Amino acid sequence: MLDSLFNIDCGYLEGLVRGFRNGILRQTDYLNLVQCETLDDLKLHLQSTDYGNFLANEPSPLQVSVIDDKLREKLVIEFQHLRNHAVEPLATFMDYITYGYMIDNIVLLITGALHQRPISELMPKCHPLGTFDQIEAINVANTSVELYNAVLVDTPLAEFFGECVSEQDLDELNIEIIRNTLYKAYLESFYNYCKGLGGTTADVMCPILAFEADRRAFIITVNSFGTELTKEDRAKLYPTCGRLYPDGLAALARADDPENVKQVAEFYTEYRALFEGAGNNPGEKTLEDKFFEYEVKLNVNAFMQQFHCGVFYSYLRLKEQECRNVVWIAECIAQKHRAKIDNYIPIL
Amino acid sequence: MGSLFRSEEVALCQLFLQSESAYTCVSELGELGLVQFRDLNPDVNAFQRKFVNEVRRCDEMERKLRYLEREIRRDTIPVLDTGDNPEAPMPREMIDLEANFEKLENELKEVNSNAEALKRNYLELTELRHILKKTQVFFDEAMYPPNLPPDQSAYFDDDDETVNLLTDVSLHQLKHIGIWLVILKPFEVRINSCQSTITTLVASTDGRDGCGGNLDGGSASLTQNLLPDEAKGPIQLGFVAGVILRERVASFERMLWRACRGNVFLRQAQIEEPLEDPATGEQVYKSVFIIFFQGEQLKLRVKKICEGFRATMYPCPEAPADRREMAMGVKTRLDDLNTVLSQTQDHRHRVLVSAARNLRSWMLKVWKIKAIYHSLNMFNIDTIQNGLIAECWIPVADLETVQLALRRGTEKSGSLPAILNRLSCVEAPPTFHRTNKFTRAFQALIDSYGVASYREMNPAVYTIITFPFLFSIMFGDIGHGLLMTLFGSWMVWKEKPLSVKKTDNEIWNIFFGGRYIIWLMGVFSMYTGLIYNDVFSKSLNLFGSSWHVPFDDETIRNNAELMLDPKEPKQYDGSPYPVGLDPLWQLANNKINFLNSYKMKISIIFGIVHMMFGIFLSLWNHKFFSRRLNIVCEFIPQVLFMCCLFVYLALLIFIKWVNYGAGPDVPIVLTPGCAPSILITFINMVLMKGYQQQSDNNPCSAYMFDGQYYIQMMLVFLALICVPWMLVTKPYFLHKASKQRAMLGTSGVEGGLEESGEPTTLPAQPAEDHDMGEIAIHQGIHTIEFVLGSVSHTASYLRLWALSLAHAQLSEVLWGMVLRNGLSTAGTTGGFAMYFIFAVWACLTVAILVLMEGLSAFLHTLRLHWVEFQSKFYDGQGYAFVPFSFDAILEANENAVTEQK
């Protein structure tokens, strides 16, 4: 897409999203937030930020879950406002963003159904961006074929589902495999779509999605140790659009313990740094947090360029990280567990 | 009224308040609205301040009130607005208020939850009633299928005990099997369990397309062969009936089809009237559906899907008699529920009505309490004396009033008096202009450019006249001016009722806020319209034209153009038209040439006067702030520069107007043909070019008076001297002063300051070389800006002419193209045509000429004031005085509330 023509369709929305981005909490805000004694203090401070009166109609005392819901609700409203005004190709791009949430929701519901939980209880836990008409009827399906034929065939996820159709009954392992296969297909499709858009969008989005793919590959490998997942099955779950493809993935497929994973990461400068400082001891950051930090960095960098769709993705990701941070701080305050309150990931 | 010319003197004061009386004192000050508190703890977080708990309690009360208000609005009960302004309640009353709100909220919540439960019940029953009604239709249809040819009725078992359901066969299945005569599923619904009649029923998919003939005895056996084995035995069909949101029907149907592989049969009918959703209170449209299926597996599945789509399922008895009975039961229960519901609603209504009576005053009280605690949070805590210390800006003129208010506050709480101290301060105080309803709009025009620096000359006073005047030069037309005046007068006349009626219509608010500006602009436009002699592009012949047409009819008919000669006494009286333009010019061919020259010249003259006035205002600024250096190094050369070039230009215009003319006894040198062009004269003057000696046969002179060349040389020379004067002298004197100071040492700082006459801008740091450079650069920019600006600003005033020309031409075109068509049509048709054409013309006049042109002229006037006029003297570096005032806070809160609606 020609940069100069970008603004015709998406200039307004890009401006909006950049405005929203400026409302992201800064380091000073976090410093103030961690000083809060109660959740009401937190509310009072958030009132002075761009969040404004989003908690004004909630009766005290506040619950962390209420804060979480409201934070998410605000983000969803913003995102849907953007989506409603979007035209092609941004519209498809933003739809792609929601597919990830759909996958998560489906897996959440099926797992819940396996544990005999009523759907109505699970629905509020689903991410509102990933809902679709048929989602609540998902427990009709007992096998993945049924899942596909009955529920997913009408949804945009249908195209990602091709590989995981089987007559096997759905069980825990199966669901995880479905989730990861779906996610793999989704990531690859999204990657190709961004690549097809070309221009700055591809420049910005491809590294972000490549990192996402690699992160999934690492995490799948690490989590697979000590489960029944065979190495061949595991290898099938790796998204192939990352920087690890093909050599790194092949090496990961052979890995037997976390040490092997670390050796694979040694070959890639950016991942080596992530693995080096990571650990579970106090004072060290977990690998997950390291990944989050790196993701935040990539997403912040997306705003350095103009005339591309990547900012919409990055904004959502940053805002989600912010929600996680605020909820983390809120949890620490609510549980009077101040030792770990600084474990949030600053964004700006 | 001295404060009109400058902002008021504002003093920084320190306020010692006893902790018991602080609340009441601040409350009194809030009612007064003359004190601006300074935040003394800017580094303290909002949640770490002293009175954060009280603020939080107010937030909580506000939330409850908002909840009440929402409920009141839902019931469309009018909120009583008596317009009275209750005082902020004492802190101890806060607890009563809180308890009161708490009680109300709980009561309301309880009523609401009851009502919701009842409504849900009601909804369920209504849905059930619909189901019973609609399913009856389905069952009836099955019994007497409407699309079967009459002669097929033999195939139906009319026995009451068995109801056969006929179905439309889905087209999908039809294609799948590949025959066009199919049975979907023969089934029966057993009504009386004692009977077990089996009827297989054959149905044509479409009786109309000629297949009816095949429906004979043979086809029955054919279909039986097609059926799976168990279908031949008695088939127990189950069914589920329910209600679903109408927009979900399509995907629901598709899902059912997919999940059950087409083995269910769905019928649905729409419920025509909308139903109320008890949770949200919205009206939603729903559909009744009934699903038939076979076997337990499918039943489970169908139920799951129904749940998934949030369809509500209801038990529906199979027998018609049972259904009828149930319908009766439902009806009676509905009636009962209705009475209960209306009672609940009545109760709710009563609660809300009583709340609505007090809602506004409660809201005001809570807002006031909150504002007071916000202010208290800005104070310092005096731990020793158990008091609070505040710093605030107070207009000096109001110190007495503030003292009185403080006394009232302390009396109320009955504690020790509050102490007010004046402090000296280095910081510039806020700018406070006391305005009334008339000056407010003008002050707002100035403030939107930049709030005046403390005690600087306030241009708003002069703007009151110059603004409408410059506007009217561009908008000169009696007709359009009259429309504007009438509109302005109406707004001024209806001021009170209009200002009470609050709207959030931004455009209206802008117009209403500027009603006095609009009125003045209208009046001034009528005046200039009189001078231009322009009413909707036509002229008024009030005093009789000075020109006469001596030609006879024939001459006029035969000549397309005739020229009137001012030298002929028969054609021109010799004395001009008393006021404004002679109406005869309206007919002249060279009207535009004449007007252009005239309007351009007055634009330049008014522009120069306006700018010179601005420069002279800077003298008052310099004198007030005792910046002697600025008078000598800036004001004098600026005036000199302007006089030498541009005032002289204006002078030339007057000389040309006065000296040159076309009377009978004017010498040839002074005839219009000989008049030198002012533009060329001026350009030659600046280029210091001598004029060509005129040849012998040309009697005209390039000069307007004797010695003009040398005078002009001298003026240009003087102007040129002014440039380095402005550029160099000030930095030089400053440099000298700072050197002197350095020699005197630090003790002489004050003396040096006074000597330089520049107390505010002098640097106090040792890095003087750097500052000197800065000063020199600043001065350079200032000088270049002034010199270049004087040229471009003078030219900029030509917009007065341009806009005026555009306005006159537009209104002339509108008259010529629209209204003349109506006027030139004769007879009755002309009357009718005129009726419509006038409407068009009037609309266009208002929309384009008054609104659009008015807006554009307004903007140009604004620019002339902001850029050309104010750049000569106005700093605009101040910040506004924002007193702590309940009125302002309440208004802001109310606006926020109306915005949310």
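Residues numbered from 1 in each chain as written. Chains lettered and ligands numbered in written order. Predicted model: local features only at pLDDT ≥ 70, side-chain atom pairs only at ≥ 80, totals over all residues. Heavy atoms only, no water.

A. Quick look at the overall build of chain B. Regarding its fold elements, chain B presents 26 helices and 13 strands. Within the span of chain B, comprising 901 residues, buried residues form 46% of the whole. Pairs at least 24 apart in sequence give 80% of the contacts found in chain B among residues at least 6 apart. On chain B, roughly 47,100 Å² of surface is accessible, and the fraction owed to carbon and sulfur atoms is 59%. (Helix = DSSP H or I, 4+ residues; strand = E, 2+ residues; numbered from the N terminus. Buried < 20%, exposed > 50% of the residue type's maximum accessible area, 1.4 Å probe, protein only. Contact = heavy atoms within 4.5 Å. Areas by Shrake-Rupley, 256 points an atom, 1.4 Å probe, with all protein chains shown as cover.)

B. Expanded view of the pattern of salt bridges. Residue and element names in this part refer to chain B. Applying the stated rule across the entire model yields 47 salt bridges over all chains. For Arg38, the salt bridge is made with Glu391, and the minimal N-O distance between the two is 2.8 Å. In this pair, Arg38 sits in the loop between strand S2 (36-37) and helix H2 (52-74) while Glu391 sits in strand S12 (residues 387-395), placing the two residues 353 residues apart along the sequence. Since its relative accessible area comes to 21%, Arg38 is described here as partly exposed. (Salt bridge = Lys/Arg side-chain N within 4 Å of Asp/Glu carboxyl O.)

C. Region of the structure containing the interface of chain A and chain B. The partner chain B presents 24 residues to the 27 residues of chain A that form the contact. Between chain A and chain B, roughly 2,300 Å² of surface is buried when both sides are summed, and carbon and sulfur atoms account for 46% of that area. By the criterion of area lost to chain B, the three top residues of chain A are A:Leu44, A:Glu136 and A:Val140, representing 24% of everything that side buries. B:Arg56 is the salt-bridge partner of A:Asp41, the closest N and O atoms lying 2.4 Å from each other. (Buried area = accessible area lost by both parts, 1.4 Å probe.)

D. Spotlight on the state of the cysteines. According to the stated counting rule, one finds 0 disulfides over all chains in the structure shown. In this structure A:Cys309 is a free cysteine whose sulfur lies 5.5 Å from that of A:Cys10, the closest cysteine sulfur available. The thiol of B:Cys392 is not disulfide-bonded; the next cysteine sulfur, from B:Cys13, is found 5.4 Å away. Residue classification places B:Cys392 among the buried positions, given a relative accessible area of 1%. (Disulfide = S-S within 2.5 Å.)

E. Looking closely at H2(B). All names here are of chain B. Over its 23 residues, H2 extends 33 Å from the first C-alpha to the last, a length consistent with the 33 Å expected when each residue adds 1.5 Å. Taking burial as the measure, the 23 residues of H2 include 18 buried ones, the bulk of the element. One or two steps after H2, the chain reaches Thr76, where phi turns positive at roughly 45°. (Expected span 1.5 Å × (residues − 1).)

F. Geometry of helix H13 (residues 269-276) of chain A. Residues and elements named next belong to chain A. Of all the residues in H13, the buried ones are Glu270, Tyr271, Leu274 and Phe275. Looking straight down H13, one finds that the buried residues subtend no more than 130° of arc, so they occupy a single side. Along H13, exposed side chains directed more than 90 degrees from the buried face belong to Thr269 and Glu276. (Arc of directions from axis to C-beta.)

G. Representation of the packing of aromatic side chains within the structure. Summed over all chains, the structure comprises 65 aromatic pairs over all chains. Arranged with centres 5.8 Å apart and planes meeting at 25°, the rings of A:Phe20 and A:Tyr315 form a pair that is stacked. Of this pair, A:Phe20 sits in helix H1 (residues 3-22) while A:Tyr315 sits in helix H15 (residues 310-334); the two residues are 295 residues apart in sequence, bridging distant segments of the chain. Judged by relative accessible area, A:Phe20 falls into the partly exposed class, the value being 21%. Ring centres of A:Phe211 and A:Phe291 lie 5.9 Å apart, and the angle between their planes is 55°; this geometry places the pair in the tilted category. Remark: A:Phe291 occurs in helix H14 (residues 287-302) and A:Phe211 occurs in helix H9 (residues 199-224); sequence separation between them is 80 residues. In this structure A:Phe291 comes out as buried when scored by relative accessible area, which is 1%. In this structure an aromatic cluster arises from ring pairing among A:Phe93, A:Tyr96, A:Tyr99, A:Phe160, A:Tyr183, A:Tyr186, A:Phe190, A:Tyr193 and A:Tyr313. Geometry around A:Tyr183 places A:Arg216 over its ring, the cationic atom sitting 3.7 Å from the centre. The ring of B:Phe512 carries the charged tip of B:Arg515 above its face, separated from the ring centre by 4.3 Å. (Phe/Tyr/Trp six-rings, centres within 6.5 Å; stacked < 30°, edge-to-face > 60°. Lys NZ or Arg CZ within 6 Å of the ring centre and 35° of its normal.)

H. How the structure looks around the sheet that holds strand S5 (residues 237-245) of chain B. Residue and element names in this part refer to chain B. Strand order in the open sheet made by the 4 strands is S6-S9-S5-S10, with antiparallel pairing throughout. Strand pairing shows two members of the sheet lacking a second neighbour, strand S6 (265-270) and strand S10 (312-314), which therefore form its edges. In this sheet, neighbouring strand axes are inclined to one another by 25° on average, regardless of whether the strands run parallel or antiparallel. Two strands pair when backbone bridges link them, and S5 and strand S9 (residues 286-294) are joined in this way by 9 bridges, in the antiparallel orientation. Of the residues in S9, the one forming a bridge with Ala241 is Ile290. (Pairing = 2+ DSSP bridges. Axes fitted to C-alpha atoms, helices over the stretch in contact; angles between N-to-C directions.)

I. Region of interest: the packing of helix H3 (residues 39-47) of chain A against H15(A). All names here are of chain A. The contact between H3 and H15 brings their axes to 9 Å, and the two run at 150°. As judged from the angle between their axes, H3 and H15 are roughly antiparallel. From H3, Leu39, Leu42 and Leu46 reach across to H15, where they touch Val326, Ile329, Ala330, Ile333 and Ala334. When grouped by side-chain class, the residues that make up the contact of H3 with H15 number 8 nonpolar, no polar and no charged. (Parallel < 35°, antiparallel > 145°, perpendicular 65-115°, else oblique. Nonpolar A, V, L, I, M, F, W, Y, C, P; charged D, E, K, R; others polar.)

J. Fine view of the side chain of B:Glu60. Take B:Glu60: it is sitting in helix H2. With a relative accessible area of 14%, B:Glu60 lands in the buried category. With near-sequence residues (within four places) excluded, B:Glu60 lies in contact with A:Pro59 and A:Ser60.

K. Inspection of a nonpolar patch on the surface at higher detail. Residue and element names in this part refer to chain B. A surface patch of nonpolar side chains, amounting to about 600 Å² of accessible area, comprises Leu483, Phe487, Trp490, Ile507, Phe511, Val846 and Leu851. Listed by contribution, the elements that provide at least two residues to the nonpolar patch are helix H13 (478-493), helix H15 (506-513) and helix H25 (827-869). No other element matches the 3 residues that H13 contributes to the nonpolar patch. Mapped onto the secondary structure, Trp490 falls in helix H13. Of the residues examined, Trp490 reaches a relative accessible area of 40% and is grouped as partly exposed. (Patch = residues over 30% accessible without salt bridge, like charges linked within 9 Å, V, L, I, M, F, W, Y side chains within 5 Å.)

L. Broad picture of the pairing of strand S1 (residues 10-18) of chain B. Residues and elements named next belong to chain B. Burial of S1 is extensive: 8 of the 9 residues sit out of reach of the surface. Strand direction decides the pairing type here: S1 and S12, joined by 9 bridges, are antiparallel. When the sheet's bridge partners are listed, Cys13 is paired in S12 with Cys392. For S1 and strand S13 (residues 419-423), the ladder comprises 5 bridges, and the chain directions are antiparallel. Along S13, the bridge assignment pairs Cys13 with Arg422.

M. Examining the confidence of the model for chain B more closely. Residues and elements named next belong to chain B. The pLDDT averaged across chain B works out to 81; a share of 85% of its residues lies at or above 70. In the model, residues 148-233 has pLDDT below 50 throughout and makes 116 contacts with residues more than four positions away in sequence or in other chains. In the predicted structure, residues 747-767 sits below a pLDDT of 50 and forms 24 contacts with residues beyond four places in sequence or in another chain. (pLDDT = per-residue confidence, 0-100.)

N. Quick look at the environment of B:Arg63. Tracing the backbone shows B:Arg63 in helix H2. Remark: the alpha-carbon pair of B:Arg63 and B:Phe101, spanning 38 residues in sequence, is separated by 9.9 Å. Apart from residues no more than four positions distant in its own chain, B:Arg63 is found in contact with A:Ala56, A:Asn57, A:Glu58, A:Pro59 and B:Glu105. Among the polar contacts listed, one links the side chain of B:Arg63 to the side chain of B:Glu60, at a separation of 2.9 Å. (Polar contact = N/O pair within 3.5 Å; in protein donor to acceptor, adjacent residues only side chain to side chain.)

O. Here's a closer look at the confidence of the model for chain A. Scored by pLDDT, chain A has a mean of 85; 97% of the residues are at 70 or more. Mean pLDDT per element in chain A: helix H7 (residues 144-151) of chain A is the minimum at 78, and H15(A) is the maximum at 92.

P. Structural context of the nonpolar core. A:Leu42, A:Phe93, A:Phe190, A:Phe312, B:Phe252 and B:Ile291 are the most contacted members of the largest nonpolar core, which totals 146 residues. Considering every element that reaches this core, the biggest residue donor is helix H5 (residues 90-114) of chain A, with 14 residues. Non-local contacts of B:Phe252, meaning those with residues more than four positions away in its chain, are made with B:Ile244, B:Leu266, B:Phe289, B:Ile291, B:Ile305, B:Cys306 and B:Phe309. Counting residues in each nonpolar core, the second largest holds 61 residues, with B:Ile464, B:Leu619, B:Leu652 and B:Met726 among its members. (Core = buried A, V, L, I, M, F, W, Y, C linked by side-chain atoms within 4.5 Å.)

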